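Tertiary structure, described
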Amino acid sequence: MKEKAVVLDQPAVNRALTRIAHEILEYHKGVDDVVLVGIKTRGIPLAERLQRKIKQIEGVDVPIGEIDITLYRDDLSHVSDQAEPTVHTTAFKLDINRKKVVLVDDVLYTGRTVRAAMDALVDFGRPAQIQLAVLIDRGHRELPIRADYIGKNIPTAQSEIITVQLEETDSKDLVSIFQRITHT
């Protein structure tokens, strides 16, 4: 892969998350009955950051949870070279019944991860509403799914790859576009 461009650096990631936090607060007129659920792996630290930003702005701790959607995916053979999926336990102790759930993920692409996350959520309860917050929306949807809160829209070609690096998982905040190198 060859890096084409850096799309967001650390300050830009921070600004995008601050904007998303404000948008969530504005839409819901506060945080009553709002819960954040991060999708493993990078959705979790993003949800935690949103939780901290909302507390700074509103002075309220929003409940937070995390979800592993591995067993709910319908495209495992296309997204992994592993013969068997690695299953992480989801200790989901968050009450989502009649709550306004904001799913949080790093990149929205085909929509399959989000569909799997919604399937997993309804196994844990019946939310009043499910919304989606993503750091990056890169297009190319295969399912009729859209994000409610978007850090940055980045139109991409199918041959491009978006990489999101976060301080918590990768020791730095950086969003880049890479070009797949094809060998002929």
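Model, not experiment: these values are computed from the prediction. (Residues numbered from 1 in each chain as written. Predicted model: local features only at pLDDT ≥ 70, side-chain atom pairs only at ≥ 80, totals over all residues. Heavy atoms only, no water.)

Let us now look at the packing of aromatic side chains. All told, the structure shown has zero aromatic pairs when counted by the stated rule. The ring of Y109 is capped by R138, whose NZ or CZ atom sits 4.0 Å from the centre of that ring. (Phe/Tyr/Trp six-rings, centres within 6.5 Å; stacked < 30°, edge-to-face > 60°. Lys NZ or Arg CZ within 6 Å of the ring centre and 35° of its normal.)

Ranked by internal contacts, the top residues of the largest apolar core, which has 30 residues, are I24, L36, L135 and I136. Secondary structure elements with two or more residues in this core: α1 (10-28), β2 (34-39), α2 (43-58), β4 (100-108), β5 (129-137), β7 (160-165) and β8 (174-179). In terms of residue count, α1 provides more of this core than any other element does, eight residues in total. Residues within four places of I24 in sequence aside, it is in contact with G30, V34, L36, L50, I54, V102 and Y149. Ranked by size, the runner-up nonpolar core spans 20 residues in total, among them I39, I67, L108 and V114. (Core = buried A, V, L, I, M, F, W, Y, C linked by side-chain atoms within 4.5 Å. Buried < 20%, exposed > 50% of the residue type's maximum accessible area, 1.4 Å probe, protein only. Helix = DSSP H or I, 4+ residues; strand = E, 2+ residues; numbered from the N terminus. Contact = heavy atoms within 4.5 Å.)

The full count for this structure, using the stated rule, is one cavity of 30 Å³ or more. Taken as a whole, the largest cavity encloses approximately 40 Å³ of empty space. What lines the largest cavity is simply L17, I20, L46, L50, V104, D105, A133, V134 and L135. If one sorts the elements of the lining of the largest cavity by residue count, β5 sits on top with three residues. Class assignment of the residues belonging to the lining of the largest cavity gives a composition of eight nonpolar, no polar and one charged. (1 Å grid on protein atoms, 1.4 Å probe; cavity = no way out; pocket = protein on both sides within 12 Å on 5 of 7 lines; lining within 4 Å. Points joined across faces, edges and corners; volume = space filled by probe spheres on them. Nonpolar A, V, L, I, M, F, W, Y, C, P; charged D, E, K, R; others polar.)

Turning our eyes to something else, we now look at the pattern of salt bridges. In the structure shown here, the tally under the stated rule is 11 salt bridges. K40 is paired through a salt bridge with E66; the nearest N and O atoms lie 3.7 Å apart. With K40 in the loop between β2 and α2 and E66 in strand β3 (residues 64-67), the pair connects residues that are 26 residues apart, well separated along the chain. Residue class for K40 comes out partly exposed when judged on its relative accessible area of 28%. Here E66 falls in the partly exposed class, since its relative accessible area comes to 35%. Among the ionic pairs, D173 bridges to R49, the shortest N-O distance being 2.8 Å. Note that D173 is positioned in the loop between α5 (167-170) and β8 and R49 in helix α2, a separation of 124 residues in sequence. A relative accessible area of 10% places D173 in the buried class. Because the salt bridges share partners, they merge into one network encompassing R49, E168 and D173. (Salt bridge = Lys/Arg side-chain N within 4 Å of Asp/Glu carboxyl O.)

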